[in-house]
Amino acid sequence: MSRNQNTISLDALVVGAGFGGIYMLHKLRGMGLSAKIVDVASGIGGTWFWNRYPGARCDVESMFYSYSFDEALDQEWEWTERYPAQPEILKYINHVADRFDLRRDIQLKTHVTSTVYNETDATWQVTTNGNNDFSTRFCIMATGCLSAANTPDFEGLNDFTGRIFHTSKWPHSEVDFSGRHVGVIGTGSSGVQIIPEIAKRAAHLTVFQRTPSYVAEAFNRPLDAADQIHTKANYGKLRAAAKKTFGGFTVAGNEQSAMSVSEEECRDKLEEGWKEGGNSLMTSFGDIANNEKSNMRAQDFVRDKIRQAVPDAATAEKLSPEHLIGCKRICLGTNYYSVFNRGNVTLTSLGEKGVEKFTTTGLVTEGSETKIDDLVMATGFDAMTGALSRIPINGRDNISLNKAWEAGPRTYLGLMTHGFPNFFTITGPGSPSVLSNMLPTIEHHVEWIAECIDYLQQQGIKEIEADLQAQNDWVAHGNEIASKTLRYSCSSWYLGANVPGKPRVFMPYIGGMPAYRKKCAAVVTAGYEGFCLNG
Ligand code: NA7
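All residue numbers refer to position in the chain's written sequence, counted from 1. The model is predicted, so local features are restricted to residues of pLDDT at least 70 and side-chain atom pairs to those at 80 or more, both for listing and for counting; the totals for chains, interfaces and linings are taken over all residues. Values reported for side chains reflect all heavy atoms of the structure, with hydrogen atoms and water molecules removed beforehand.

1. Quick notes on empty space enclosed by the protein
The cut-off we apply is this: Buriedness for pockets is judged along seven lines, at least five of which must meet protein on both sides within 12 Å for an open set on the 1 Å grid over protein atoms alone, while cavities are sets there where a 1.4 Å probe fits but cannot get out, and lining residues have an atom within 4 Å of a point. Grid points are joined across faces, edges and corners, and a volume is the space filled by probe spheres set on the points. Lys, Arg, Asp and Glu make up the charged group, whereas Ala, Val, Leu, Ile, Met, Phe, Trp, Tyr, Cys and Pro make up the nonpolar group; the residues left over, Gly among them, are polar.
Enumeration according to the criterion identifies three cavities of 30 Å³ or more in this entry. Empty space within the largest cavity amounts to approximately 150 Å³. Along the walls of the largest cavity sit 15 residues, with Gly 430, Val 475, Gly 478, Phe 506 and Met 507 positioned nearest its centre. For the lining of the largest cavity, the per-class residue count stands at ten nonpolar, four polar and one charged. Estimated volume of the second largest cavity: approximately 60 Å³. Looking at the second largest cavity, the residues that line it are Met 141, Thr 143, Gly 144, Cys 145, Met 384, Leu 388, Thr 425, Ile 426, Thr 427 and Gly 428. Looking at side-chain class alone, the lining of the second largest cavity contains five nonpolar, five polar and no charged residues.

2. Topic: the pairing of strand β16 (residues 374-377)
Rule in force here: Residue burial is assigned from relative accessible area. The probe radius is 1.4 Å, only protein chains are included, and a residue is buried under 20% of its type maximum, exposed over 50%, and partly exposed in between. Working definition: helices are DSSP H or I runs of at least four residues, strands are E runs of at least two. Numbering for both runs from the N terminus. Strands pair, by our definition, only if DSSP identifies at least two bridges between them.
Side chains Asp 374 and Val 376 project from β16 onto one buried face, and the interleaved Leu 375 and Met 377 project onto a second face that is buried too. Relative to β16, strand β8 (residues 181-185) runs parallel, the two sharing four bridges. Bridge pairing links Ile 185 to Met 377 in β16.

3. Comments concerning the environment of Ala 226
For Ala 226, the position within the fold is in helix α6 (residues 225-233). Along the sequence, Ala 226 and Gly 30 sit 196 residues apart, while their C-alpha atoms lie 35 Å from each other.

4. Considerations on helix α14 (residues 468-483)
In an α-helix there are 3.6 residues to a turn, and that puts residues three or four apart on one side. This is how the line gets drawn: For a helix, the expected span equals 1.5 Å multiplied by the number of residues minus one. Directions are taken from the helix axis to each C-beta atom, and the arc is the one they span. We call two residues contacting when some pair of their heavy atoms lies within 4.5 Å. Any pair of nitrogen or oxygen atoms within 3.5 Å is treated as a polar contact; in protein, a donor-acceptor pairing is required on top of that, and neighbouring residues in sequence qualify only through side-chain atoms on both sides.
An ideal rise of 1.5 Å per residue puts 22 Å on 16 residues; α14 measures up with 22 Å between its terminal C-alpha atoms. Of all the residues in α14, the buried ones are Ala 470, Gln 471, Trp 474, Val 475, Gly 478 and Ala 482. For α14, the angular spread of the buried residues around the axis is 135°, confining them to a single face. Elements that come into contact with the buried residues of α14 comprise β19 (463-466) and α15 (513-525). The backbone nitrogen of Gln 469 has a side-chain oxygen 3.3 Å away, supplied by the residue at the start of α14, namely Asp 467.

5. Describing the nonpolar core
As a reminder of what qualifies: Note on terminology: a nonpolar core comprises buried Ala, Val, Leu, Ile, Met, Phe, Trp, Tyr and Cys residues joined through side-chain atoms within 4.5 Å.
Residues Phe 19, Tyr 67, Ile 140, Phe 424, Trp 448 and Phe 531 are the most contacted members of the largest nonpolar core, which totals 80 residues. Looking at this core, the element that brings in the most residues is helix α13 (residues 438-459), giving ten residues. Core analysis: the next-biggest nonpolar cluster, separate from the first, contains 49 residues, Val 184, Phe 285, Cys 331 and Leu 332 among them.

6. Examining the sheet that holds strand β14 (residues 362-365)
Here we have three strands laid out as an open sheet, ordered β13-β14-β15, and antiparallel in their pairing. The open sheet terminates on both sides in strands that have one partner only, identified here as β13 (357-358) and β15 (368-371). When β14 meets β15, the two strands line up antiparallel, connected through four bridges. Its bridge partner being in β15, Leu 363 is matched across the sheet by Thr 370.

Shape descriptors only; they carry no functional weight alone.
Here it is in structure tokens:
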């Protein structure tokens, strides 16, 4: 390990200046600890700093995709749309950083090159590519679940002479597609959002689709004063009610089975959910995600919507997914399907061979070349573990995190890993994270970690570490409940199935936020049960 002469000693170093990192720094500061954030980006915002492609928007309603820890902040901030666009989210997090004077402890444009545990003095030695390294007692990874880009290793890509973009690493200056022939690979959430935007400008857009997505209409709209006043007057109650739901979302949904009503009644209810917009389709009934027959009714409903939106039968057929709805994350779109009615848009389904190769002027699929000027990869992320696996992290006995997670990530509560003392992960694998509303879930983790650190300080305890047995039990419990759900059955990024060679393990905890919160609280009440407290 090469060390900079200038090593800053801290109580806590937070890696990542997204929503998790920003709140963690605020909390640690409030406890009187010396703490800093380090981030490779040139600005704060984490995933919202990078994913600045045209059309980028959150699929959680703005008034609840926001921090709840400060009532005045809640009351003063004005969201303008039901679903916030990326620039507005970035503005919000920058506002928070300024409001709480956080910037003086945020070191940007700094890449963490390694983090190694020194058992002798119980510190983490964190090296960077900048002018300084860090020596810190606590190392907190707020590196995000969807931050490491998945860039498939397409044959011949280096020979392609056109422009290449990835949605998750979008340029800061505007990209002009006018008059261009553009190819987009990927039809997940990012593809679904960017495709209609590119179609407006490009001379021709070819969409290369491996698996069609279920796209629910978002029915995004401007938020009027009445919306804001009502929510702000009831924020406390609404947020408390959301905490009782499975994913921490505001919509509790209908608990009835879709099979308990007639086909006609079922359609009417699904139609109501569809018109409500967003995720309401999935919560129209209580068992769409768990019962195959109920799921089939919801699938048929969306396939009908596709046929209504796209008159060309062959295109509608290609756009119609066959897999279980909700198995992969459902996408929210705005007039997504109808974009394929435009004369300048072609949908190309990838055959078994996928993208066969790139040439200097385009790409070959099913033996024929499509010439393009620009390639947009909307190919997603090495989700949940990618950001961590790309940093060499060595814990006790110099064991690497990649080795410890060789067969898939293993954590206790998604918060800590055996062999890595005083090393925390915010919304790590093994926590509900991406299956929930990330903002309240992040707040829960930050507050749990802060309370834990405070406890260690008060008790004069040197180290906390996940107990191996408790970790094994937690992993087994997570696997057991995941294997009984429909979500386990398809090739999603939840399972790591989108990245060749990645172990297939269902990474987020699927027991729901209420059960998870209860477990985390019980662990604390029992004196950090399942953790080893040393020294
Ligand atoms: P996703 O949802 O992982 O979507 C990636 C898309 O790219 C998806 O359609 C993939 O097809 C496709 N893909 C990935 N690799 C390839 C290759 N090698 N060839 C062809 N097509 C490929 O990522 P997003 O960025 O859209 O969204 C991620 C999350 O961000 C989303 O769930 C929201 O939570 C926000 P596949 O389905 O794997 O066949």
